[in-house]
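Structural description and commentary
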Amino acid sequence: MNSATIILWCIAGSLFLYSWKEGTGTVKQGGLLTWKTTKQNALLLVLAFIIVGFVTVLSPDELVKTWIGPNSGWRGILLAGFIGMMLPGGPYVVFPLIAILFDAGAGLASVITIITSWSTQSLLTLSFELPFMGWRFTVIRWSMGLMIPLLAGAAALLIWG
Amino acid sequence: MLSTLKKFQIHFLLLAVIIILGILAYLQSGWDLVQNGFVQGIKILWRELPLLAAAFLTAGFLQALVKKEFINRWLGAEAGIKGILLACLGGGLIPGGPYAYYPIASALLKSGAGLGVLIAFVSAKNLWSVSRLPLEFAILGTTITIRRYLITFLIPPLMGIFAERMFGKRIKNIRENVDL
């Protein structure tokens, strides 16, 4: 079990104890709401995880490496913004890949753009955002963030070259 | 018929993505890879079940516990900058992937949190994430990590403020989206 799971269980446990203190009504309501959310989203979660599975086996690593290579400058930033959106998986998968890109000669600005783009614009994350937050929220958040990785990269390029 | 379609629109969208990815996998290396994709997905889901259970419990009990006055005062549209900063702090500290923090964000949305607060929460999770920090330092090194943090540090609160200014009034419609 990883630390994220342990911390979240601690949070859930404290919330449970707190609601116990509030009375059985609150415990009941909490359980009911948990069950309702789970029931509503179970099928969606299965679908979302199948997407994660496919993206994992399709292994775009090689593709990414050939695309960005020792690219730098503005074109590198634009490309990096695009690649960041496509990168699948959590930090354990993505950071080593970005480290490889950096060693292969990708500039600091491109690397910062990729990290930011993967963090905020990841297409894979949308398969979890859509079910839980609805399409209106997803569209607003995603499109507002579209320029941010590019701006972050441009700032890095201007400051550190 | 139309209401069923509407109710399951996200199911259909995800299904369409699965079909496209399945075709890509088939074209790349045949049925084996298609099967492999399914198996991998279910395996990852199985592995993440303990985290998912904790996330859903947190979301459920959070909804039951937080009082309307607390949300209005701290996380509603009226909470202003104070709410946005609090959301940034929460987002930065919460651990786990999107299947952990979106159920929690969804619970806050249903309980009455404002748009700016929610955008700030998600953006801070994405850009400040404290739990990701040690890994980022270890794999990408000090220089990249510190510069990346410096450059993106103000983005979560700014995104929250702008989102609230531009689309804050639409929060009712946004909330309708999740009250299926």
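Described below are features of the structure shown in this document. (Residues numbered from 1 in each chain as written. Chains lettered and ligands numbered in written order. Predicted model: local features only at pLDDT ≥ 70, side-chain atom pairs only at ≥ 80, totals over all residues. Heavy atoms only, no water.)

Helix and strand counts for chain B stand at eleven helices and zero strands. The order of α-helices and β-strands along chain B, N terminus first, is α-α-α-α-α-α-α-α-α-α-α. Taken over the C-alpha atoms alone, chain B extends approximately 55 × 55 × 30 Å along its principal axes. Here chain B holds 180 residues, and the buried ones make up 53% of them. Expressed as a percentage of contacts within chain B between residues at least 6 apart in sequence, the contacts between residues at least 24 apart total 73%. (Helix = DSSP H or I, 4+ residues; strand = E, 2+ residues; numbered from the N terminus. Buried < 20%, exposed > 50% of the residue type's maximum accessible area, 1.4 Å probe, protein only. Contact = heavy atoms within 4.5 Å.)

Another aspect to go through is the environment of Ser-129 of chain B. Residue and element names in this part refer to chain B. Note on placement: Ser-129 falls in the loop between helix 7 (115–127) and helix 8 (133–140). C-alpha of Ser-129 to C-alpha of Gly-91: the two residues are 38 residues apart in sequence and 7.1 Å apart in space. Beyond its immediate chain neighbours, meaning those up to four positions away, Ser-129 contacts Gly-92, Ala-124 and Tyr-149.

Tallying the contact residues gives 80 residues for chain B and 76 residues for chain A. For the pair chain B and chain A, the summed buried surface comes to about 7,100 Å²; carbon and sulfur atoms form 83% of the total. At the boundary of chain B and chain A, one finds zero salt bridges. The interface formed by chain B and chain A includes eight residue pairs in polar contact (both at pLDDT 80 or more). When contributions to the side of chain B that touches chain A are tallied by element, the ones reaching two or more residues are helix 2 (9–29), helix 3 (31–65), helix 6 (98–111), helix 7, helix 8, helix 9 (142–152), helix 10 (155–167) and helix 11 (171–178) of chain B. In terms of residue count, helix 3 of chain B provides more of the side of chain B that touches chain A than any other element does, 26 residues in total. In the side of chain B that touches chain A, the residues fall into 56 nonpolar, 17 polar and seven charged. (Buried area = accessible area lost by both parts, 1.4 Å probe. Salt bridge = Lys/Arg side-chain N within 4 Å of Asp/Glu carboxyl O. Polar contact = N/O pair within 3.5 Å; in protein donor to acceptor, adjacent residues only side chain to side chain. Nonpolar A, V, L, I, M, F, W, Y, C, P; charged D, E, K, R; others polar.)

To continue, consider a nonpolar patch on the surface. Residue and element names in this part refer to chain B. A contiguous nonpolar patch, built from Phe-8, Phe-12, Leu-15, Ile-19, Ile-23, Tyr-26, Leu-27 and Trp-31 and spanning about 850 Å² of accessible area, is present on the exposed surface. Ranked by the residues each element gives to the nonpolar patch, the list is headed by helix 2, at six residues. In this fold, Tyr-26 is placed in helix 2. Residue Tyr-26 is classed as partly exposed on the basis of its relative accessible area, which comes to 40%. (Patch = residues over 30% accessible without salt bridge, like charges linked within 9 Å, V, L, I, M, F, W, Y side chains within 5 Å. Areas by Shrake-Rupley, 256 points an atom, 1.4 Å probe, with all protein chains shown as cover.)

Turning our attention to helix 1 (residues 3–22) of chain A. Its 20 residues place the ends of helix 1 of chain A 29 Å apart at the C-alpha level, agreeing with the 28 Å of an ideal helix rising 1.5 Å per residue. Of the positions making up helix 1 of chain A, those classed as buried are Ala-4, Thr-5, Leu-8, Ala-12, Leu-15 and Ser-19 of chain A. Take helix 1 of chain A and look down its axis: the buried residues cluster within an arc of 95°, on one side only. In helix 1 of chain A, the exposed residues that point more than 90 degrees away from the buried face are Ser-3, Leu-17, Trp-20 and Lys-21 of chain A. For helix 1 of chain A, the elements touching its buried residues are helix 2 (24–57) of chain A together with helix 3 and helix 6 of chain B. Gly-23 of chain A sits one or two residues past helix 1 of chain A and shows a positive phi near 125°. (Expected span 1.5 Å × (residues − 1). Arc of directions from axis to C-beta.)

On to the pattern of salt bridges. All names here are of chain B. A full pass over the atoms with the stated rule returns four salt bridges over all chains. For Arg-47, the salt bridge is made with Glu-48, and the minimal N-O distance between the two is 3.4 Å. For Arg-47, a relative accessible area of 57% puts it in the exposed group. The network of salt bridges with common partners includes Arg-132, Glu-136 and Arg-148.

This part is about the packing of helix 7 (residues 123–145) of chain A against helix 11 of chain B. Between helix 7 of chain A and helix 11 of chain B, the least distance of the axes is 5 Å, while the angle of their chain directions is 140°. Judged by residue contacts, Phe-132, Met-133, Gly-134, Trp-135, Arg-136, Phe-137 and Ile-140 of chain A of helix 7 of chain A engage Asn-173, Ile-174, Asn-177 and Val-178 of chain B from helix 11 of chain B. Tallied by class, residues from the contact of helix 7 of chain A with helix 11 of chain B come to seven nonpolar, three polar and one charged. (Axes fitted to C-alpha atoms, helices over the stretch in contact; angles between N-to-C directions.)

For an α-helix the count is 3.6 residues per turn, leaving residues at separations of three or four pointing the same way. For helix 2 of chain A, spanning 34 residues, the distance from its first C-alpha to its last is 47 Å, which sits close to the expected 50 Å at 1.5 Å a residue. The axis of helix 2 of chain A is deflected most strongly, by about 45°, at Asn-41 of chain A. (Bend = angle between axes of the 7 residues up to and from the residue.)

For the rest of this paragraph, the subject is the side chain of Ser-123 of chain B. Mapping Ser-123 of chain B onto the fold places it in helix 7. Once residues within four sequence positions are removed from consideration, Ser-123 of chain B is found in contact with Trp-128, Pro-156 and Met-159 of chain B.

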